Amino acid sequence: MKIGMLTSGGDCQGLNAALRGVAKALYQEFGTAVTIYGIRDGYRGLIEGDYHPMEPQDFSDILTRGGTILGTSRQPFKTMQQAEENEATKLEKMLDTCRRARFDCLVILGGNGTHKTANLLSEHGIPVVTLPKTIDNDLWGTQVTFGFQSAMNIAVEVIDSIHSTAFSHSRVFIVEIMGHKAGWLTLHAGIASGADVIVIPEIPYDARAIAAAIQQRAREGKRFSIVAVAEGAISREEAAMSKKDFKAARAAMPYPSISYRLADELQKITSQEIRVTIPGHFQRGGAPCAADRLLCTRLGVAAAELIREGKFGNMVAVQNDRIVPVPLKEVAGRLKTVPVDGELVHAARELGLCMGD
């Protein structure tokens, strides 16, 4: 049996732990009858035929290692079926690599874009099993993705550390958390760290409402305020724009990120001193937390079981705290966003947190 494995898209904690889980379970089941091939740098390696056989020892001592031993890259889904002059499409090249390598299954670890391409390969007859990876936790079909818990822990640690300096200087601090289209990371980290305002993409913000919340805290004798903002946050005015106008407005925005624009807006309204902190890729880095190590191991074992049973075209997912297979066709192209009337948003409001609106 020949198994090809790749990690695609942005890196995060737990990729190596998940690779290890799949490999150890396969070796346990098939022994020397299975050969695992590492495909370098995600779909790029599959496109270019850049893969190599791996040994059991390659998967030793990687449970706690951050990043990915296979490397990764971003290959936009929209380019997969576009042909360059006198060349095959990326999809055709990937299919050719699979045929020449005679892979019995591709194990693919990735997020939303990765799963669209994985489903495309599956639709063209390639046996595929996937694992859900993204710190954004926005992949449809699973209640949690690996990498999310580790990134949340880092975001919480950043906001925790900001509290003392915010108190000392009586400042308003905006902490920008990763998440372009979904606010799961910002919402969880904001609540867990005691942020006073949480701004997520699903709830367009009104700077005046945020300013009012900050000013109310000041009237109550509070020396500081912490505002947790998702990098994909949008204003009410932007929410009313067409997609074309929104892109044009953002392209013309003179600020390096949405947090700096919000800081400027709030400073003009409140006259308070405001600082911005952006932990950025720190949130993706370092060793996976214990919860992610456990999750990756469970998902890896489940993926190996699907391979053994020949149940291809599925993603291993968490539903009702159980690991289950979910058809790729149900996952591809669907985004899991924060329900604005959900339990967690309700809990935040009941605590008196401002949600930006």
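### Details of helix α6 (residues 184–193)
Here is step 1: Within α6, seven of the 10 residues are buried, which leaves it mostly tucked inside the rest of the structure.
Here is step 2: Of all the positions in α6, only Trp184, Leu185, Thr186, Leu187, Ala189, Gly190 and Ser193 are classed as buried.
Here is step 3: On its buried face, α6 is in contact with α5 (148–169), β6 (172–177), β7 (197–199), β8 (225–230) and α13 (343–350).
Here is step 4: Of the residues trailing α6, Gly194 is marked for its positive phi of about 75 degrees.

### Some words on the environment of Arg334
Here is step 1: By the secondary structure assignment, Arg334 is in the loop between α12 (328–331) and α13.
Here is step 2: C-alpha separation for the pair Arg334 and Lys116, spaced 218 residues apart in sequence, amounts to 9.1 Å.
Here is step 3: If near-sequence neighbours (up to four positions away) are discounted, Arg334 is found in contact with Asn112, Asp138 and Trp140.

### Thoughts on the pairing of strand β5 (residues 128–132)
Here is step 1: Within β5, five of the five residues are buried, which leaves it mostly tucked inside the rest of the structure.
Here is step 2: Both faces of β5 are covered, namely the face carrying Val128, Thr130 and Pro132 and the face carrying Val129 and Leu131.
Here is step 3: Viewed along the sheet, the connection from strand β4 (residues 105–110) through helix α4 (residues 112–123) into β5 turns out right-handed.
Here is step 4: Bridge count between β5 and strand β10 (residues 314–319): two bridges; the pairing is parallel. Bridge pairing in β10 places Val129 opposite Asn314.

### A look at the pattern of salt bridges
Here is step 1: As enumerated under the stated definition, the model contains 20 salt bridges in all.
Here is step 2: In this structure, Arg100 engages Asp96 in a salt bridge whose closest nitrogen and oxygen atoms are separated by 2.9 Å. Of this pair, Arg100 and Asp96 are both found in helix α3 (residues 90–101), four residues apart, which corresponds to roughly one turn of the helix.
Here is step 3: For Glu273, the salt bridge goes to Arg171, with nearest N and O atoms at 3.3 Å.

### Some points on the nonpolar core
Here is step 1: Residues Ile3, Met5, Ile36, Phe59, Val107, Leu131 and Phe146 are the most contacted members of the largest nonpolar core, which totals 64 residues.
Here is step 2: It is helix α1 (residues 15–30) that contributes the most residues to this core, nine residues altogether.
Here is step 3: Here Met5 is in contact with Leu19, Val22, Ile36, Tyr37, Gly38, Ile39, Phe59, Leu70 and Val107, once residues within four sequence places are set aside.

### Quick look at the sheet that holds strand β9 (residues 274–277)
Here is step 1: If you trace the four strands from one edge of the open sheet to the other, you get β7-β8-β6-β9, paired in parallel fashion. Looking at strand neighbours, the two that pair on one side only are β7 and β9, the edges of this open sheet. Pairwise comparison of adjacent strand axes, ignoring direction, gives a mean angle of 20 degrees for this sheet.
Here is step 2: Taken together, the four bridges between β6 and β9 define a ladder with parallel strand orientation. Paired with Ile174 across the two strands is Val276, which belongs to β9.
Here is step 3: With respect to the sheet, α6 is in contact with β6, β7 and β8, its orientation differing from that of β7 by roughly 175 degrees.

### Brief notes about the packing of α3 against α4
Here is step 1: Between α3 and α4, the shortest axis-to-axis distance is 11 Å and the interhelical angle comes to 60 degrees. Judged on the interaxial angle alone, α4 and α3 are oblique. Along this stretch, α3 crosses α4, giving a crossing that reads as right-handed. Here α3 contributes Leu91, Met94 and Leu95 to the contact with α4, which in turn contributes Thr117, Leu120 and Leu121.
Here is step 2: Across the contact of α3 with α4, the residue classes break down as five nonpolar, one polar and no charged.

### Re the side chain of Thr89
Here is step 1: Mapped onto the elements, Thr89 comes out in the loop between β3 (51–54) and α3.
Here is step 2: According to the relative accessible area criterion, Thr89 is buried, its value standing at 10%.
Here is step 3: For Thr89, the residues in contact, after removing those within four places along its chain, are Met80, Gln81, Gln82 and Ala83.

### A look at the side chain of Ser257
Here is step 1: Structurally, Ser257 can be placed in the loop between α9 (243–252) and α10 (258–270).
Here is step 2: On the basis of relative accessibility, which here comes to 11%, the residue Ser257 falls in the buried class.
Here is step 3: There is a polar contact of 2.7 Å between the side chain of Ser257 and the side chain of Glu176.
Here is step 4: What Ser257 contacts, discounting residues up to four positions off in sequence, is Glu176 and Ile278.

### Examining the packing of aromatic side chains
Here is step 1: Counted under the stated rule, the structure contains five aromatic pairs.
Here is step 2: Measuring from centroid to centroid gives 5.9 Å for Tyr37 and Tyr51, while their planes differ by 80 degrees, and the two rings are edge-to-face. Taken together, the residues Tyr37 in strand β2 (residues 35–39) and Tyr51 in strand β3 connect sequence positions 14 residues apart.
Here is step 3: The buried category is assigned to Tyr37, whose relative accessible area is 14%.
Here is step 4: Residue classification places Tyr51 among the partly exposed residues on the basis of a relative accessible area of 25%.
Here is step 5: Aromatic rings pair up to connect Tyr37, Tyr51 and Phe103 into one cluster.
Here is step 6: Across the ring face of Phe224, the terminal group of Arg217 is positioned such that the distance to the ring centre comes to 5.7 Å.
Here is step 7: For Arg223, the ring lying beneath its charged end belongs to Phe167, and the centroid distance is 4.8 Å.

Reading the values: rules and limits
Residues numbered from 1 in each chain as written. Predicted model: local features only at pLDDT ≥ 70, side-chain atom pairs only at ≥ 80, totals over all residues. Heavy atoms only, no water. Buried < 20%, exposed > 50% of the residue type's maximum accessible area, 1.4 Å probe, protein only. Helix = DSSP H or I, 4+ residues; strand = E, 2+ residues; numbered from the N terminus. Contact = heavy atoms within 4.5 Å. Right-handed = clockwise from strand over helix to strand, strands pointing away. Pairing = 2+ DSSP bridges. Salt bridge = Lys/Arg side-chain N within 4 Å of Asp/Glu carboxyl O. Core = buried A, V, L, I, M, F, W, Y, C linked by side-chain atoms within 4.5 Å. Axes fitted to C-alpha atoms, helices over the stretch in contact; angles between N-to-C directions. Parallel < 35°, antiparallel > 145°, perpendicular 65-115°, else oblique. Left-handed = near helix turned anticlockwise from the far one by under 90°. Nonpolar A, V, L, I, M, F, W, Y, C, P; charged D, E, K, R; others polar. Polar contact = N/O pair within 3.5 Å; in protein donor to acceptor, adjacent residues only side chain to side chain. Phe/Tyr/Trp six-rings, centres within 6.5 Å; stacked < 30°, edge-to-face > 60°. Lys NZ or Arg CZ within 6 Å of the ring centre and 35° of its normal.

Read these as layout, nothing more, since geometry by itself doesn't imply function.
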